Amino acid sequence: MRTIKLGRSGLSVPTVAVGCMRIGGMSDRDAAAFLDKAMSMGANFFDHADIYGGGRCEEKFASAFEMNDDKRETVILQSKCGIRPGMYDFSREHILSSVDNILSRLKTDYLDVLLLHRPDILCEPEEVAEVFAILKNSGKVRNFGVSNHNPMQMALLEKYLGMPIVANQIQMSITNCTAISQGINVNMENNSATMRDGSVIDYCRLNDITLQAWSPFQYGFFSGVFVDNPEFPELNRAMQEVADAHGVNKNTVAIAWLLRHPAKIIPVTGTTKLSRLEDCLKAADITLTRDEWYKIYRAAGNNIP
Ligand SMILES: NC(=O)c1ccc[n+]([C@@H]2O[C@H](COP(=O)([O-])OP(=O)(O)OC[C@H]3O[C@@H](n4cnc5c(N)ncnc54)[C@H](OP(=O)(O)O)[C@@H]3O)[C@@H](O)[C@H]2O)c1
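Residues numbered from 1 in each chain as written. Predicted model: local features only at pLDDT ≥ 70, side-chain atom pairs only at ≥ 80, totals over all residues.

### A look at the overall build of the protein
- Helix and strand counts for the protein come out as 12 helices and 14 strands.
- Compactness check: the protein gives a C-alpha radius of gyration of 19 Å against a globular reference of 19 Å for 305 residues, within 12% of the reference.
- Along the longest, intermediate and shortest principal axes, the C-alpha atoms of the protein span 50 × 45 × 35 Å.
- With 305 residues in all, the protein has 44% of them scored as buried. (Helix = DSSP H or I, 4+ residues; strand = E, 2+ residues; numbered from the N terminus. Rg over C-alpha atoms; globule rule 2.2 N^0.38 Å. Buried ≥ 20, exposed ≤ 12 C-beta atoms within 10 Å, placed from the backbone.)

### Details of helix α12 (residues 290–299)
- Those residues of α12 lying buried are Glu292, Ile296 and Tyr297. The buried residues of α12 all sit within an arc of 135° when viewed along its axis, so they share a single face. Residues of α12 that are exposed and point over 90 degrees away from its buried face: Arg290 and Asp291.
- On the buried face of α12, the contacting elements are α9 (233–246) and α10 (250–259).
- The positive-phi residue at the C-terminal boundary of α12 is Gly301, with phi of around 95°. (Arc of directions from axis to C-beta. Contact = placed C-beta atoms within 7 Å.)

### A look at the nonpolar core
- The biggest cluster of nonpolar side chains holds 88 residues, and the ones touching the most others in it are Val16, Leu114 and Ala213.
- Apart from the residues lying within four places of it in its own chain, the contact partners of Leu114 are Ser79, Cys81, Val99, Leu135, Val141 and Phe144. (Core = buried A, V, L, I, M, F, W, Y, C linked by C-beta atoms within 7 Å.)

### So, the environment of Ser79
- The residue Ser79 is located in strand β5 (residues 76–81) in this model.
- Spatially, the C-alpha atom of Ser79 lies 25 Å from that of Pro262, the residues being 183 residues apart in sequence.

### Concerning the pairing of strand β8 (residues 111–116)
- Burial analysis of β8 places 6 of its 6 residues in the buried class, which makes it a mostly covered element.
- Strand direction decides the pairing type here: β5 and β8, joined by 4 bridges, are parallel. Counted as the bridge partner of Gln78 is Val113 from β8.
- Where β8 and strand β9 (residues 141–147) come together, 5 bridges link them in parallel fashion. Residue pairing for β9: Leu115 is matched across the bridge by Gly145. (Pairing = 2+ DSSP bridges.)

### A closer look at the site of the ligand
- The ligand sits among 24 residues. The nearest are Gly19, Met21, Phe217, Gly270 and Thr271.
- Classifying every residue of the shell around the ligand gives 8 nonpolar, 11 polar and 5 charged. (Near = placed C-beta within 6 Å. Nonpolar A, V, L, I, M, F, W, Y, C, P; charged D, E, K, R; others polar.)

### Remarks on the packing of α10 against helix α11 (residues 274–282)
- Packing of α10 against α11 brings their axes to within 7 Å, and their N-to-C directions diverge by 40°. Considered as vectors, α10 and α11 are oriented oblique to each other. As α10 packs across α11, the resulting crossing turns out to be right-handed. Between α10, through Asn251, Thr252 and Ile255, and α11, the contact on the second element is made entirely by Arg276, Asp279, Cys280 and Lys282.
- When the residues that make up the contact of α10 with α11 are grouped by side-chain class, the tally is 2 nonpolar, 2 polar and 3 charged. (Axes fitted to C-alpha atoms, helices over the stretch in contact; angles between N-to-C directions. Parallel < 35°, antiparallel > 145°, perpendicular 65-115°, else oblique. Left-handed = near helix turned anticlockwise from the far one by under 90°.)

These figures capture arrangement, not role.
Structure follows, in structure tokens:
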């Protein structure tokens, strides 16, 4: 598997990450086979969050992986905290206790990366800086990042952190690419020109913050999958043509489309199926042409002014 630098962390990570949000309900046997498949293909970067399955996903990962000190060194573990029922919480107490609980569920002494899951309006950046320093100095967390943050929120945090934000995980797929469309429609009188995220892609590139794309197959906010969905006939036709040209299937193309962006975006897969996981990871071996990338972009209904 191709690897890339994760921001300014010094870590080299696979260019596709394996999301673990949906593994909580799998049997230990199925989850072990799933993790084996990922590892055998070089995908050893796993994305978690304390809230996935109410903690069950992290527990399932540790038990299926049979975590121990030797095996721990073979994987790169990222998790997130900061979401509580009905609110977001970046307070010292919440972040510190969340990390202790994550480490205990994952049966490990450290996280490679901790992301703040969604912006907390009541966030005090000085407090977050203090907490990150405690976690870094104790060895519990080696690198820090955010998720669903805009550039100003990242800049505000970085003013106080004294360490880099290495990643920002946002929703992005062929059908959810407002962050891309806004850049193509600068200053136009259409909806796609609306700057919803403050040029998050450019900000991340300028500041060596690696973008990660969650829900690479979903349209809307978990509305369903666009692949093989009759509501997206033109998109599926275009994806099939590109897939045929590369001898792969549409799942591979959906991930390859994200990988083709020069920001070196890391797609975070969500499948729990071995065959689909394999499709997704194969995307690292193909490169879409410029024509193919734009053809898929247009076929999804995105606007070229
Ligand atoms: N930072 C955040 O706020 C945030 C939010 C959500 C998710 N995440 C992260 O992103 C990861 C991916 O999110 P996601 O699970 O929503 O991603 P996704 O890959 O877009 O969706 C996965 C779901 O779609 C199904 N699926 C995928 N391809 C399919 C196809 N071709 N046909 C039919 N069904 C298909 C999968 O079913 P099968 O299992 O049957 O393949 C699974 O239920 C999560 O695991 C998590 O790590 C982060």
